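Residue-level listing of the chains:
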Amino acid sequence: MAIAADWTALNKAEQKAQLESAIAAILDRLEKQSAPATDWQKAKVIDAIDATTRGLFEVASTHLSHVFAEADAGRPLPHPDTNLADPATVTLSMLRAALDQLKARPVQDPPDYL
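Residue numbers here run from 1 along each chain, matching the order of that chain's written sequence. Reporting in this predicted model follows two pLDDT cut-offs: at least 70 for local features of residues, and 80 or more for side-chain atom pairs to be given and counted; totals over whole chains, interfaces and linings ignore these cut-offs and use all residues. Note that the side-chain values use all heavy atoms of the structure and ignore hydrogens as well as water.

### Let's talk about the nonpolar core
What we call a nonpolar core is a set of buried Ala, Val, Leu, Ile, Met, Phe, Trp, Tyr and Cys residues that are connected through their side-chain atoms within 4.5 Å. Relative accessibility decides the category of a residue: with a 1.4 Å probe and only protein chains considered, values under 20% of the type maximum give buried, values over 50% give exposed, and everything between is partly exposed. Ile23, Ile26, Leu27, Leu30, Val45, Leu64 and Leu95 are the most contacted members of the largest nonpolar core, which totals 26 residues. Elements with a minimum of two residues in this core: α1 (12–32), α2 (39–53), α3 (57–65) and α5 (92–104). Sequence-distant contacts of Leu95, that is, excluding residues within four places in its chain, are made with Leu27, Lys42, Val45, Ile46, Ile49 and Val90. Numbering of helices and strands runs from the N terminus, with a helix taken as a DSSP run of H or I at least four residues long and a strand as a DSSP run of E at least two residues long. We call two residues in contact when some of their heavy atoms are within 4.5 Å.

This is how it looks when you write it as structure tokens:
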């Protein structure tokens, strides 16, 4: 997923809504593919949900743009070790539930340390 050309013209609520929609579209795509989602793919969606929750919208967009990087590389990629959850134990329905929780949360400002 690439950030839209008009991204900076959007307010934070609109940016969050666009990311939520993109996450939902990626989950739909993962559910429809013939092979199960890989640990890499699930880790990238976990990271995107987490970054969106924290108000790090550009970071979330970057994670989403890497969900299908394995296909581009033509080989499996190890999942990043940055996740607290083991992607092997995460299901797409769990990710969809996390997305539903994200949608219910208010827009968050990025952390002060940025």
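So, next bit.
### Some thoughts on the pattern of salt bridges
Just to be clear on terms, a salt bridge is a Lys or Arg side-chain nitrogen sitting within 4 Å of an Asp or Glu carboxyl oxygen. Taken as a whole and assessed by the stated rule, the structure comprises seven salt bridges. The closest approach of N and O atoms between Lys12 and Asp109, which form a salt bridge, is 2.5 Å. With a gap of 97 residues between them, Lys12 in helix α1 and Asp109 in the segment after α5 connect regions that are remote in the sequence. For Lys12, a relative accessible area of 39% gives the class partly exposed. Its relative accessible area of 47% is what places Asp109 among the partly exposed residues. Lys16 is paired through a salt bridge with Glu20; the nearest N and O atoms lie 2.5 Å apart. Of this pair, Lys16 and Glu20 both sit in helix α1, four residues apart, which is roughly one turn of the helix. Like Lys16, the residue Glu20 is buried in the burial classification. In the salt-bridge network here, residues are joined through shared partners; they are Asp28, Glu31 and Arg96.

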